[in-house]
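Fold and contact review
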Amino acid sequence: MITNRTFTIIKPDAVEAGSSGAILKMIEEAGFRIVAMRMTKLSPERAGEFYAVHKERPFYKGLCTYMSSGRIIAAILEKENAVADFRKLIGATDPALAEEGTIRKLFAKSIEANAIHGSDSDESAAIESNFFFAGMDIF
Ligand code: CMP
């Protein structure tokens with residue numbers, strides 16, 4: 001069980017807006033070490049697989065369309081208490097409710113196009129990391 005790692009995606013809206021560099025800077029300055037990273041583009045089917053836990057939600061279809069609409073950056077991050085600390089750094093799902101200074105407050109456009117994803121538990125972090133980095137060497 002991984003306990004000091006979390007997983008993130010810089011989402012299509014933030015990549016398209018040219019905010020990836022600023023977001024990665026905030027992540028590193030908050031003390032996270034990037035241990036794996038790749039830029040990719042999901043098909044709607046792969047996006048649906050990634051967000052399968054939300055399959056019954058009314059926003060699922062739109063979420064899959066949005067998450068496959070452009071390039072994303074997937075990364076594994078390392079830090080003590082990574083999952084909880086990262087969720088604090090990114091702020092609430094809805095940017096209107098996110099605290100000042102959080103990544104979503106600064107960069108998100110809407111509750112759907114909310115700039116960045118962060119795993120909600122160690123278990124999710126392991127599953128989500130595997131989704132993008134299975135079979136790759138991670139140091
Ligand atoms: P994320 O933290 O990646 O997890 C699920 C995603 O679904 C969330 O970010 C948003 O992009 C999206 N989402 C969550 N709630 C809503 C909602 N009410 N309407 C539209 N999209 C949502």
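In what follows, the structure referred to is the one given above.
Reference entry: report on the structure contained in this document.

Thresholds, definitions, all that
Residues numbered from 1 in each chain as written. Predicted model: local features only at pLDDT ≥ 70, side-chain atom pairs only at ≥ 80, totals over all residues. Heavy atoms only, no water. 1 Å grid on protein atoms, 1.4 Å probe; cavity = no way out; pocket = protein on both sides within 12 Å on 5 of 7 lines; lining within 4 Å. Points joined across faces, edges and corners; volume = space filled by probe spheres on them. Helix = DSSP H or I, 4+ residues; strand = E, 2+ residues; numbered from the N terminus. Nonpolar A, V, L, I, M, F, W, Y, C, P; charged D, E, K, R; others polar. Near = heavy atom within 4 Å. Polar contact = N/O pair within 3.5 Å; in protein donor to acceptor, adjacent residues only side chain to side chain. Areas by Shrake-Rupley, 256 points an atom, 1.4 Å probe, with all protein chains shown as cover. Sits in = over half its atoms within 2 Å of the grid points. Pairing = 2+ DSSP bridges. Axes fitted to C-alpha atoms, helices over the stretch in contact; angles between N-to-C directions. Contact = heavy atoms within 4.5 Å. Buried < 20%, exposed > 50% of the residue type's maximum accessible area, 1.4 Å probe, protein only.

So, about the layout of surface pockets. The computed volume of the largest pocket comes to approximately 730 Å³. Taken together, 27 residues form the lining of the largest pocket, with Tyr51, Val53, His54, Leu63 and His117 sitting closest to its centre. Elements that contribute at least two residues to the lining of the largest pocket include exactly helix 3 (44–50), helix 5 (82–90), strand 4 (116–118) and helix 7 (122–133). It is helix 7 that contributes the most residues to the lining of the largest pocket, four residues altogether. The residue makeup of the lining of the largest pocket, split by class, is 11 nonpolar, eight polar and eight charged.

Around the ligand, the surrounding shell consists of Lys11, Tyr51, His54, Phe59, Leu63, Thr93, Arg104, Ile111, Glu112, Asn114 and His117. At a separation of 2.6 Å, an oxygen atom of the ligand approaches a polar side-chain atom of Tyr51. In this structure, Arg104 approaches the ligand through a side-chain N or O atom, which is 3.1 Å from an oxygen atom. Here the ligand has 460 Å² of accessible area as a free molecule, and 80% of this is covered by the chains. When atoms are counted within 2 Å of each cavity's grid points, the one that captures over half of the ligand is the largest pocket.

So, on to the sheet that holds strand 3 (residues 72–78). Taken in spatial order, the four strands of this open sheet run 2-3-1-4, and their pairing is antiparallel. For this open sheet the edge positions go to strand 2 (33–40) and strand 4, each flanked by a neighbour on one side alone. Recorded for the sheet is a direction-independent mean angle of 15 degrees between the axes of neighbouring strands. In the sheet, strand 1 (residues 5–10) pairs with strand 3 via six bridges, with the strands oriented antiparallel. Note on strand 3: the bridge partner recorded for Thr8 is Ala75. Across the sheet, helix 5 is in contact with strand 1, strand 3 and strand 4; its angle to strand 4 comes to roughly 155 degrees.

Let us look at helix 5. Ala82, Val83, Asp85, Phe86, Leu89 and Ile90 are the residues of helix 5 that are buried. Buried positions along helix 5 lie against strand 1, helix 2 (20–29), strand 3, helix 6 (103–107), strand 4 and helix 7. Gly91 sits one or two residues past helix 5 and shows a positive phi near 85 degrees.

Phi angles above zero are rare outside glycine, and Asn81 is one such case at about 55 degrees. Looking at the secondary structure, you find Asn81 in the loop between strand 3 and helix 5. In the Ramachandran plot, Ala115 falls in the positive-phi region, its phi being about 70 degrees despite a non-glycine side chain. Residue position: Ala115 is located in the loop between helix 6 and strand 4.

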